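The residues making up each chain are set out below.
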Amino acid sequence: MKIQENVSLKEYTTFKIGGPAKFFCVVKNENDLIEAFNFSKKNKVPVFVLGGGSNILVADEGYQGLVIKMEMTGIVHAEDGDVVHVTAMAGEDWDKFVEKMVGMGFYGLENLSGIPGTVGASPVQNIGAYGVEAKDTIELVYVLDMQKDEYKTFTNNECKFDYRNSIFKEEEGRYVVLSVTFKLNKKGRLNFGYKDIQEAFAVKRIKVPTLKQMREIVLDIRSRKLPDLRKYGTAGSFFKNVIVSSAKAQELLAKYPDMIVHAVNNKKVKIPLAWILDHVCGFRGVKKGNVGTYQNQALVLVNFGNATAKEIIDLAQKMVDKVFEETGIEIETEVEYLN
Ligand SMILES: Cc1cc2nc3c(=O)[nH]c(=O)nc-3n(C[C@H](O)[C@H](O)[C@H](O)COP(=O)(O)OP(=O)(O)OC[C@H]3O[C@@H](n4cnc5c(N)ncnc54)[C@H](O)[C@@H]3O)c2cc1C
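Residues numbered from 1 in each chain as written. Predicted model: local features only at pLDDT ≥ 70, side-chain atom pairs only at ≥ 80, totals over all residues. Heavy atoms only, no water.

(A) Representation of the site of the ligand. Contacts to the ligand come from 32 residues, most closely from Val-49, Ser-54, Thr-118, Val-177 and Glu-336. Within the side chain of Arg-164, one N or O atom sits 3.4 Å away from an oxygen atom of the ligand. Note that a nitrogen atom of the ligand is positioned 2.7 Å from one of the backbone N or O atoms of Val-177. Protein chains shield 94% of the accessible area of the ligand, which is 970 Å² for the free molecule. If you list the elements that add at least two residues to the shell around the ligand, you get β3 (47–50), α3 (122–125), β8 (128–129), β12 (175–185) and β13 (233–237). Residue composition of the shell around the ligand, grouped by class: 16 nonpolar, 13 polar and three charged. (Near = heavy atom within 4 Å. Polar contact = N/O pair within 3.5 Å; in protein donor to acceptor, adjacent residues only side chain to side chain. Areas by Shrake-Rupley, 256 points an atom, 1.4 Å probe, with all protein chains shown as cover. Helix = DSSP H or I, 4+ residues; strand = E, 2+ residues; numbered from the N terminus. Nonpolar A, V, L, I, M, F, W, Y, C, P; charged D, E, K, R; others polar.)

Take a look at the structure:
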């Protein structure tokens with residue numbers, strides 16, 4: 001394994017933005033990882049663990065540490081009646097993994113089809129889409145604790161999963177995920193909770209869809225809503241959705257009666273931020289210089305070519321300020337800034 005110097009990170013991210021990493025290496029097995037970790041200790045440089053680079057914005061100045069790109073691969077499974085325990089290594093491509101699970105007839109991950117990135121990042125961010133989150137099927141997460149210099153296996157409960165959050169994100173820079181074990185099912189039930197999915201099946205006149213059809217529908221919906229990564233630089237939703245108190249939601253509904261709300265529980269309500277950005281703030285499809293928001297999704301910031309991180313940050317700040325001015329809500333970024 002080779003530690004390289006001054007490697008441009010642009011091409012390692014889906015935003016296609018950012019400066020170089022002072023040190024950079026590709027890790028394909030546990031020995032490589034230990035070597036990289038020892039290098040960081042010896043040279044007293046911080047470590048950033050990189051997967052597919054689909055949820056990060058790299059600073060124009062780059063990163064003054066060691067970027068470890070996880071490329072450990074391999075998938076194994078063990079069956080126990082209808083239950084299947086599948087362990088995938090961190091560097092496996094997420095969507096190829098989902099495709100494989102669906103192909104084998106294992107239920108549980110189909111609604112998470114089409115999300116870019118790696119298996120190793122799935123518990124960090126607790127990725128989610130169409131009513132399903134990674135936490136619903138994650139059983140175990142095997143990590144290297146870089147603070148204690150030891151390996152550890154986290155159970156689902158110990159991961160402290162929350163909306164786009166987990167212990168791995170809370171204690172940023174401490175854990176490297178080596179593999180994730182998912183509990184899938186050969187006789188699972190499909191999740192139709194989302195209106196978009198119900199409507200798509202109704203249009204196709206499919207009453208009892210198969211597992212494969214569910215994946216196809218999700219991929220189809222996503223391709224209409226999200227930019228094609230081959231054409232645009234983006235990291236998907238730049239901001240998190242908004243969770244407010246029921247009282248705050250009532251106040252906003254009085255002002256914006258068409259606003260979409262989803263009850264989280266009897267005290268909290270989730271508001272799709274895209275609706276506010278689009279209908280209240282007029283941010284859908286805006287373009288300024290090299291940056292803007294996607295024409296079909298105001299939550300998605302786009303690099304139209306040669307954008308800088310500063311341009312993205314300036315636009316994002318404008319959006320944060322405008323949402324606060326109009327609604328009193330302080331929005332948070334989902335994409336991580338690496339500097
Ligand atoms: C077009 C588009 C659509 C998207 N749609 C969705 C969506 O529907 N739902 C959703 O939840 N997300 C979505 N995302 C965001 C992104 O795909 C996910 O957050 C994904 O999990 C990131 O994976 P990655 O491997 O690219 O991680 P990276 O961007 O490389 O890293 C993200 C974070 O995870 C950490 N990390 C990565 N690998 C490891 C590891 N092995 N060990 C420890 N830490 C690690 C990094 O340090 C960083 O903190 C979308 C992004 C794009 C570009």
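(B) Region of interest: the environment of Gln-198. With respect to the helices and strands, the residue Gln-198 is situated in helix α5 (residues 195–203). The class of Gln-198 is partly exposed, set by a relative accessible area of 41%. Sequence separation of Gln-198 and Ile-217 is 19 residues, and the distance between their C-alpha atoms is 9.8 Å. Those residues in contact with Gln-198 that sit more than four places away from it in its chain are Phe-192 and Gly-193. (Buried < 20%, exposed > 50% of the residue type's maximum accessible area, 1.4 Å probe, protein only. Contact = heavy atoms within 4.5 Å.)

(C) Spotlight on unusual backbone geometry. For Tyr-130, which is not glycine, the phi torsion reads 50 degrees and is therefore positive. Summarising the element assignment, Tyr-130 is placed in the loop between β8 and β9 (132–133). Despite not being glycine, Asn-306 has its phi angle at roughly 60 degrees, a positive value.

(D) Focus on the packing of helix α2 (residues 94–103) against helix α6 (residues 211–225). Close contact between α2 and α6 brings their axes to 9 Å; oriented N to C, the two are set at 155 degrees. When the axis of α2 is compared with that of α6, the two are roughly antiparallel. α6 is crossed by α2, and the crossing has left-handed handedness. When α2 is examined against α6, the residues Asp-95, Val-98, Glu-99, Val-102 and Gly-103 are found in contact with a partner set consisting of Leu-211, Lys-212 and Arg-215. (Axes fitted to C-alpha atoms, helices over the stretch in contact; angles between N-to-C directions. Parallel < 35°, antiparallel > 145°, perpendicular 65-115°, else oblique. Left-handed = near helix turned anticlockwise from the far one by under 90°.)

(E) Focus on the side chain of Thr-293. Note that Thr-293 resides in strand β18 (residues 291–294). For Thr-293, a relative accessible area of 1% puts it in the buried group. Within the structure, Thr-293 has its side chain in polar contact with the backbone oxygen of Phe-283 (distance 2.4 Å). If near-sequence neighbours (up to four positions away) are discounted, Thr-293 is found in contact with Phe-283, Arg-284, Gly-285, Val-286, Ala-298, Val-300, Leu-301, Val-302, Phe-304 and Met-319.

(F) Examining the sheet that holds strand β15 (residues 262–263) more closely. Sheet architecture is open: three strands sit in the order β14-β16-β15, paired in antiparallel fashion. With one partner strand each, in any of the chains shown, β14 (242–245) and β15 form the two edges of the open sheet. In the packing of helix α7 (residues 246–255) onto the sheet, contacts are made with β14 and β16 (268–271), and the angle to β14 comes to roughly 100 degrees. (Pairing = 2+ DSSP bridges.)

(G) A look at the nonpolar core. Formed by 40 residues in total, the largest nonpolar core has its most connected members in Trp-94, Phe-97, Leu-109, Val-141, Phe-154, Phe-168 and Phe-182. At the level of elements, β7 (83–89), α2, β10 (138–145), α4 (167–170), β12, α5 and α6 are the ones that each hand at least two residues to this core. When residues of this core are assigned to domains, at least three fall in each of domain 2 (75–185) and domain 3 (195–225). Apart from residues lying up to four places away in sequence, Phe-154 is in contact with Glu-139, Leu-140, Val-141, Val-143, Cys-159, Ile-167, Phe-168 and Tyr-175. Among the nonpolar cores identified, the runner-up in size contains 36 residues, and Leu-252, Ala-274, Ala-309 and Leu-315 belong to it. (Core = buried A, V, L, I, M, F, W, Y, C linked by side-chain atoms within 4.5 Å. Domains from an automatic or database assignment.)

(H) Just the sheet that holds strand β6 (residues 75–80), in detail. One open sheet accounts for five strands, arranged β6-β7-β12-β10-β11; its pairing is antiparallel. Each edge of the open sheet carries a strand with a single partner, namely β6 and β11 (150–155). Sheet twist, expressed as the mean angle between neighbouring strand axes with direction ignored, is 15 degrees. Where β6 lies against β7, six bridges are found, and the strand directions are antiparallel. Of the residues in β7, the one forming a bridge with Ile-75 is Ala-88.

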